[in-house]
Amino acid sequence: MLDDSLLDTPDALSEADRRGLLRGAAEAGARVRTAIRLGTEAGIPDLKPDGRPRALLIAGPGMASAGVADLLGALAGSSCPLTRLHPTGVAPAAGALRWDLPGWAGPVDLLLIATADGTEPGLAILVEQAYRRGCTVVAVAPPHTPVAEALASAHGLFVPMATAPYEQEVPLGASAPGILWALLTPMLALLDRTGLVTAPPDALHKVADRLDQVAERCGPAIATYSNPAKTLAAELADALPLLWTEGQAAGPVGRRFASALAELAGRPALAAQLPEALASHTVLLSGPLAASADPDDFFRDRVEELPALHARVVLLRDSPSNGLSAVPAARELALGHDTAISELEPEEGSDLETLAEMIAITDFAAVYLSLASGA
């Protein structure tokens, strides 16, 4: 059950936020600026690559690494294939995870490592393996960790991860706001140097500014009726979110939002891209999860029952590359099944700015849903 009163009580939100999630979301812009500075000190702007790599490989644990890989793949497009190396192991603990290079990886490929931990022995072994194969290796991780030491031995490029002092005392999950930007920002600056994405320093500073603007609009002191993140959290309180995305950048945002809802708020969500979502989710809109679905026994005692989840469509929109949009058809399908719709469309700006705005609002919404539901 969602405590609606908590959303408009900043002191209660602060007391409930034992993991510092709201602070992490509010500091995303500052995290980007710190990451830009650390990347500059590591020498990224001075790099003079011989050309584009044949392929990008990215490794790291959990949702943070997966989110970085997903976003970089969307931004790089077809200019270079990107492969995420999925870990194997008997448990999700840092010491149990292992990664392996594909057999074809070699001197013309670039291995990116993104980890908010840095103690994974498997990543250190992967760095050594890449060095023997002749792969160029770049890592973003906390300093003074085994991964950082492995990069020094392999003559790779190491960029310290932007951290906040309180994170040393309160370990955060991989989906915690701020972690993504700490890992993603140096990678964007690096791929800008290789010509795979367009992310010069001024564009990254605009991303930080947009994140600050979202933090002002979505902060805990802003009332629900004028706060897009609180509004979205309240709308999803008793819903099964169907996250329908449109546009190059919106797809990764929807998948990240679904993961954040699960990890932070303990809520299920399904993400799909338009127009395919219209076919794959039609049965959901007309089955037992439909908003208009009625229980078989109308007169049964509901006092001790939890509210039933009903589907709610959330449209995450970016500008489609070819100008064609399935959003009108999506609205028609949802409304035709009496299904409520929430829409999130960012303000105008560059691809990176609109991406940052959508990520920031959905991050805040996942945090508010987590705090108000006691997750």
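Every chain is numbered independently, its residues counted from 1 as its sequence is written. Per-residue local features of the predicted model are confined to residues with pLDDT of at least 70, and side-chain atom pairs are confined, for both listing and counting, to 80 or more; whole-chain, interface and lining totals are unaffected and use all residues. By convention in this description, side-chain values take in all heavy atoms of the structure and omit both hydrogens and water.

We now examine the overall build of the protein chain. Helix and strand definitions here come from DSSP, where helices need a minimum of 4 consecutive H or I residues and strands a minimum of 2 consecutive E residues; each element is numbered from the N-terminal end. Within the protein chain, the secondary structure is distributed over 15 helices and nine strands. The globule rule is 2.2 Å times the number of residues to the power 0.38, and the radius of gyration it is compared with is taken over C-alpha atoms. For 375 residues, the compact-globule formula gives about 21 Å, and the C-alpha radius of gyration of the protein chain, at 21 Å, lands near that figure. Each residue is assigned to one of three classes by its accessible area relative to the maximum for its type, calculated with a 1.4 Å probe on protein chains only: buried under 20%, partly exposed between the two thresholds, exposed over 50%. Burial analysis of the protein chain (375 residues in total) assigns 51% to the buried set. Pairs of residues are marked as contacts when any of their non-hydrogen atoms sit within 4.5 Å. Across the protein chain, every contact between residues at least 6 apart in sequence was considered, and the portion connecting residues at least 24 apart equals 76%. Note on areas: Shrake-Rupley with a 1.4 Å probe; residue coverage comes only from the protein chains shown. Carbon together with sulfur atoms contributes 54% to the accessible area of the protein chain, which is approximately 16600 Å² in total. Counting rule applied: Lys, Arg positive; Asp, Glu negative; His and chain ends not counted. Charged groups are reduced to one reference atom each: NZ for lysine, CZ for arginine, CG for aspartic acid, CD for glutamic acid. Positive and negative charge centroids in the protein chain, built from 26 and 46 side chains respectively, lie 6 Å apart.

Read from one edge of the open sheet, four strands run β7-β6-β8-β9, paired in parallel fashion. The open sheet has two free edges, formed respectively by β7 (270-273) and β9 (341-344), since each of these has just one partner strand. For this sheet the average axis-to-axis angle between neighbouring strands, irrespective of direction, equals 20 degrees. Note that strand β8 (residues 310-317) and β9 share four bridges and pair parallel. Of the residues in β9, the one forming a bridge with L315 is E343. Note: two strands are recorded as paired if DSSP finds a minimum of 2 bridges between them. Lines are fitted to the C-alpha atoms to define the axes, a helix being fitted only along its stretch in contact, and any angle between axes, read from their N-to-C directions, falls within 0 to 180 degrees.

Aromatic rings from Phe, Tyr and Trp, taking only the six-membered ring of Trp, are treated as a pair when their centres fall within 6.5 Å; an angle between ring planes under 30 degrees marks them as stacked, one over 60 as edge-to-face, and anything in between as tilted. Counted according to the given criterion, the structure contains one aromatic pair. Aromatic side chains F364 and Y368 sit 6.1 Å apart centroid to centroid with 25 degrees between the ring planes, which places their arrangement in the stacked category. With F364 and Y368 both in helix α15 (residues 351-372), this residue pair falls four residues apart, about one helical turn. A single burial state applies to F364 and to Y368, both of which are buried.

As a further point, take empty space enclosed by the protein. Lining residues are those with an atom within 4 Å of a point, where the points come from a 1 Å grid over the protein atoms alone and group into cavities, where a 1.4 Å probe fits but cannot get out, or pockets, open sets with protein on both sides within 12 Å along at least five of seven lines. Grid points are joined across faces, edges and corners, and a volume is the space filled by probe spheres set on the points. A full pass over the atoms with the stated rule returns one cavity of 30 Å³ or more. Considering only enclosed or pocket space, the largest cavity measures out at about 40 Å³ in volume. Forming the boundary of the largest cavity are A25, A28, P177, G178, W181, L211, A360, D363 and F364. The biggest single contributor to the lining of the largest cavity is α15, with three residues.

What follows deals with the pairing of strand β1 (residues 55-59). Among the five residues in β1, five count as buried, and that is most of the element. Burial along β1 is two-sided: A55, L57 and A59 facing one way and L56 and I58 facing the other are all buried. Sheet analysis places β1 next to strand β3 (residues 109-114), joined by five bridges and oriented parallel. Each bridged residue has a counterpart across the sheet, and for A59 the counterpart in β3 is I113. Bridging between β1 and strand β2 (residues 82-85) involves four bridges; their strand directions are parallel. Residue pairing for β2: A59 is matched across the bridge by L85. For crossovers, right-handed means that the path from the first strand over the helix to the second runs clockwise, given strands pointing away from the viewer. In this region the chain leaves β1, passes through helix α5 (residues 62-76) and returns to the parallel neighbour β2; the handedness of that crossover is right-handed.

What follows is about the state of the cysteines. Pairs of cysteine sulfur atoms within 2.5 Å are what we label disulfides. Counted under the stated rule, the structure contains zero disulfides. Among the cysteines around C80, which has no disulfide bond, C135 carries the closest sulfur, lying 12 Å off. Among the residues examined, C80 registers a relative accessible area of 3% and is labelled buried.

Quick look at the nonpolar core now. Residues L72, W181 and F364 are the most contacted members of the largest nonpolar core, which totals 86 residues. If you tally residues by element for this core, the top one is α15, at 15 residues. The contact partners of W181, leaving out residues within four places of it in the chain, are A28, V32, A35, P186, V207, L211, A356 and I359. Nonpolar cores were defined as sets of buried Ala, Val, Leu, Ile, Met, Phe, Trp, Tyr and Cys residues, with membership established by side-chain atoms within 4.5 Å. Judged by nonpolar contacts, the second largest core, of 24 residues, contains W99, I113, V127 and F158.

Before going further, it helps to spend a moment on the environment of V159. Take V159: it is sitting in strand β5 (residues 157-160). Residues V159 and E41 lie 118 residues apart in sequence; the distance between their C-alpha atoms is 8.4 Å. If sequence neighbours within four positions are ignored, V159 has contacts with L38, G39, A42, I44, A139, V140, A141 and P186.

Quick look at the confidence of the model for the protein chain now. When the pLDDT values of the protein chain are averaged, the result is 89; 91% of them are 70 or greater. Here residues 295-300 is a poorly scored stretch, pLDDT under 50, and it has four contacts once near neighbours within four places are set aside; other chains count. Per residue, pLDDT captures the predictor's confidence, and it can take any value from 0 to 100.

Strand pairing within a sheet occurs via backbone hydrogen bonds; the two strands may be parallel or antiparallel. Ordered by their spatial adjacency, five strands build an open sheet running β2-β1-β3-β4-β5, and the pairing between neighbours is parallel. Of all strands in the sheet, those with a lone pairing partner are β2 and β5, marking the two edges. On average, each strand axis in the sheet is tilted by 20 degrees relative to the strand beside it, whichever way the strands run. Judged from the four bridges that link them, strand β4 (residues 136-141) and β5 form a sheet pairing that is parallel. For V138, the partnering residue across the bridge sits in β5 and is L157. Seen against the sheet, α5 touches β1, β2 and β3 and runs at an angle of roughly 170 degrees to β2. Here helix α8 (residues 179-194) sits on the sheet and contacts β1, β3, β4 and β5; the angle it forms with β3, its principal contact strand, is near 160 degrees.

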